[in-house]
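Next come the chains, spelled out residue by residue.
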Amino acid sequence: MSRNLRGLSLRKGLTDSMYEKTSDAALSADDLRETNLISVARGFMTGNAAILSASSFYDFLDPEHQGKKVFVCNGTACLVSGRTEEVMRELLETYEPHEIGTMTCLGHCHSNDAWLADSEIHLCKCGEGRKIPEVYTNAEKPVLTAPAGDLKEYYSTMAVLNKNVEAALRELEASGLRGRGGAGFPFHIKVRAARDAATDGGKYIVCNGDEGDPGAFSDKWLLEERPHSVLFGMLATGIITGAGTGVVYIRGEYPLAIKKVREAIRTLEEMGIAAGDENHDKDLFRFHVVQVAGAYICGEETSLLNSIEGLRAEVRTRPPFPAVYGLFGKPTVMSNVETLANVRSILEEGGAA
Ligand SMILES: Cc1cc2nc3c(=O)[nH]c(=O)nc-3n(C[C@H](O)[C@H](O)[C@H](O)COP(=O)(O)O)c2cc1C
């Protein structure tokens, strides 16, 4: 059943994505919601139940979420910090109580002071007399998007890679790089498996930026402040495996990370190194960013793949593993943000270093 739905989703692929169409329809006004979801089902020639059940999977698509204007972080670190939700509600006195919701988690576990409003993270110093002495937003936060030095030079390692993919793979193996998403699986084994896998239509590199574990915000930092190190890792893995498309899957609780990665992709487009959704140059590696609508389980790799496809984001049985049967049923390297961010140093300095 899910293979059939996957095939229907693949017909329109990522640029006319079933997941994104479903999310948009689910965010329609109350009286239009169901009609719009059913029209997505028609557009993809699938049953209404498939789209309705996919849309009901995510917190942010829940009708109850819609009337809220501000979301206070209630992740574990914030809850145990002494900054209770009640204190935050008091601080946000310009909002009506029914306009205040919660999100788990906004990734400010180190400061315990974040809320999200108008797609911006707002921060304050909550400990100080329960006032809001300093409220600042993402937009004001200075962010380093480019690596130090020249970006052209940064990506020049790619040319060397193109010439000797097998040598690059050996360096990855020598480095002993293991997945940073939790399971610690050797990265080079996945890459080799995807490289060796036969395909009847493309391969994918997927970056897992769903970072949902309590107290974790290292992926957020990398996506916001070193997006090129992540994109480089995806691009290099694409060259090694023969994949033409990379999907950066980022949780909706990280709006600044989404913005910074999109900006970095635009820079790569301008430099002619890679393509975004609007560019139809088939010879370029294409990046697509997926904004996740709030579901912890989507950090699990097979649930994540179903989510991108617009299916109900439940886990798949394995085998087959994603390296052989991944996104849209095609060979896929699915790796964590930090894992991918390590690739360039390895290729630049050698696996042993
Ligand atoms: C319930 C559950 C949640 C997970 N959440 C994440 C996550 O937020 N980020 C992540 O990178 N991996 C997460 N994982 C691990 C992924 O399934 C997968 O192993 C990982 O993305 C592979 O990348 P890596 O080899 O680079 O670690 C989760 C696994 C499970 C079972």
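Worth saying up front: this structure is predicted, and the values here are computed from it rather than measured. (Residues numbered from 1 in each chain as written. Predicted model: local features only at pLDDT ≥ 70, side-chain atom pairs only at ≥ 80, totals over all residues. Heavy atoms only, no water.)

Undergrad: How should helix α1 (residues 2-12) be read in this particular structure?
TA: Helical geometry: 3.6 residues make up each α-helical turn, so side chains three or four residues apart lie on a common side. Residues Leu5, Arg6, Leu8 and Ser9 constitute the buried set of α1. An end-on view of α1 places all buried positions within 160° of arc, on one side of the element. Away from its buried face by more than 90 degrees, α1 exposes Arg3 and Asn4. Packed against the buried residues of α1 are α2 (18-26), α4 (48-55) and α15 (301-309). With its phi angle positive at about 65°, glycine 13 sits one or two positions after the end of α1. (Buried < 20%, exposed > 50% of the residue type's maximum accessible area, 1.4 Å probe, protein only. Helix = DSSP H or I, 4+ residues; strand = E, 2+ residues; numbered from the N terminus. Arc of directions from axis to C-beta. Contact = heavy atoms within 4.5 Å.)

Undergrad: Explain the domain arrangement of the chain here, please?
TA: A common way to state how big an interface is: give the accessible area lost once the parts meet. Taken domain by domain, the chain comprises domain 1 (2-56), domain 2 (65-140) and domain 3 (151-349). Both faces combined, the contact of domain 2 with domain 3 buries some 920 Å², and carbon together with sulfur accounts for 61% of it. Counting across the domain 2 and domain 3 interface gives 0 salt bridges. Joining domain 2 to domain 3, the criterion identifies 3 residue pairs in polar contact (both at pLDDT 80 or more). Its residues assigned to classes, the side of domain 2 that touches domain 3 shows 6 nonpolar, 7 polar and no charged. (Domains from an automatic or database assignment. Buried area = accessible area lost by both parts, 1.4 Å probe. Salt bridge = Lys/Arg side-chain N within 4 Å of Asp/Glu carboxyl O. Polar contact = N/O pair within 3.5 Å; in protein donor to acceptor, adjacent residues only side chain to side chain. Nonpolar A, V, L, I, M, F, W, Y, C, P; charged D, E, K, R; others polar.)

Undergrad: Where do I start with the pattern of salt bridges in this structure?
TA: A side chain of one charge can pair with a side chain of the opposite charge when the charged atoms of the two come close. Counted according to the given criterion, the structure contains 15 salt bridges. With a closest N to O distance of 3.3 Å, lysine 220 and glutamate 224 form a salt bridge. Here lysine 220 pairs with glutamate 224, and both are found in helix α12 (residues 218-225), just 4 residues apart, close to one helical turn. A single burial state applies to lysine 220 and to glutamate 224, both of which are buried. Salt-bridge contacts for glutamate 301 lead to arginine 318; the nearest nitrogen and oxygen are separated by 2.7 Å. Here the residue glutamate 301 occupies a position in helix α15, and arginine 318 occupies one in the loop between α15 and β9 (332-336), the gap between them amounting to 17 residues. Classification of glutamate 301 as partly exposed rests on a relative accessible area of 21%. We classify arginine 318 as partly exposed; its relative accessible area is 37%.

Undergrad: What's the story with the environment of methionine 103 in this structure? I'm lost.
TA: Relative to the helices and strands, methionine 103 resides in strand β2 (residues 100-103). Discounting chain neighbours no more than four positions away, the residues touching methionine 103 are Phe60, His65, Phe71, Val72, Cys73, Asn74, Gly75, Leu116 and Glu253.

Undergrad: Quick question: what am I supposed to make of the nonpolar core here?
TA: Across soluble globular proteins, you tend to see nonpolar side chains buried next to one another. If you look at the biggest cluster of nonpolar residues, it comprises 46 residues, and the most contacted ones within it are Tyr155, Leu231, Val248, Ile250 and Phe287. No other element matches the 7 residues that helix α13 (residues 227-241) contributes to this core. The contacts of isoleucine 250, once residues within four sequence positions are left out, are Gly209, Leu223, Ala257, Ile258, Val261, Val289, Val290, Gln291 and Val292. Counting 44 residues, the second-largest nonpolar core is a separate cluster that includes Ala26, Tyr249, Ala295 and Leu327. (Core = buried A, V, L, I, M, F, W, Y, C linked by side-chain atoms within 4.5 Å.)

Undergrad: Even after reading the chapter, I still don't get the site of the ligand, so can you show me in this structure?
TA: Surrounding the ligand, one finds 17 residues, the nearest of these being Gly181, Lys190, Asn208, Asn336 and Thr339. Here an oxygen atom of the ligand and a backbone polar atom of glycine 181 are 2.7 Å apart. A distance of 2.9 Å separates an oxygen atom of the ligand from a polar atom in the side chain of asparagine 208. Coverage of the ligand by the protein chains reaches 81% of its 610 Å² of free accessible surface. Counting residues per element, the shell around the ligand draws most heavily on β9, at 3 residues. Here the shell around the ligand is composed, by residue class, of 3 nonpolar, 8 polar and 6 charged. (Near = heavy atom within 4 Å. Areas by Shrake-Rupley, 256 points an atom, 1.4 Å probe, with all protein chains shown as cover.)

Undergrad: Sorry, what's going on with the environment of asparagine 164 here?
TA: Secondary-structure assignment places asparagine 164 in the loop between α9 (157-163) and α10 (165-175). Spatially, the C-alpha atoms of asparagine 164 and lysine 330 are 24 Å apart, while their sequence positions differ by 166 residues.

Undergrad: Would you mind showing me how to read unusual backbone geometry here?
TA: Trans is the common state for peptide bonds, and a negative phi is the common state for residues other than glycine. Cis geometry marks the peptide bond from threonine 104 to cysteine 105, where omega comes out at 5°. If you check the backbone angles, methionine 45 has positive phi at about 55° while not being a glycine. By the secondary structure assignment, methionine 45 is in the loop between α3 (30-43) and α4. The backbone of serine 119 shows a phi angle near 60°, a positive value even though the residue is not glycine. With respect to the helices and strands, serine 119 occurs in the loop between β3 (114-117) and β4 (120-123). Using a relative accessible area of 58% as the deciding quantity, one classes serine 119 as exposed.

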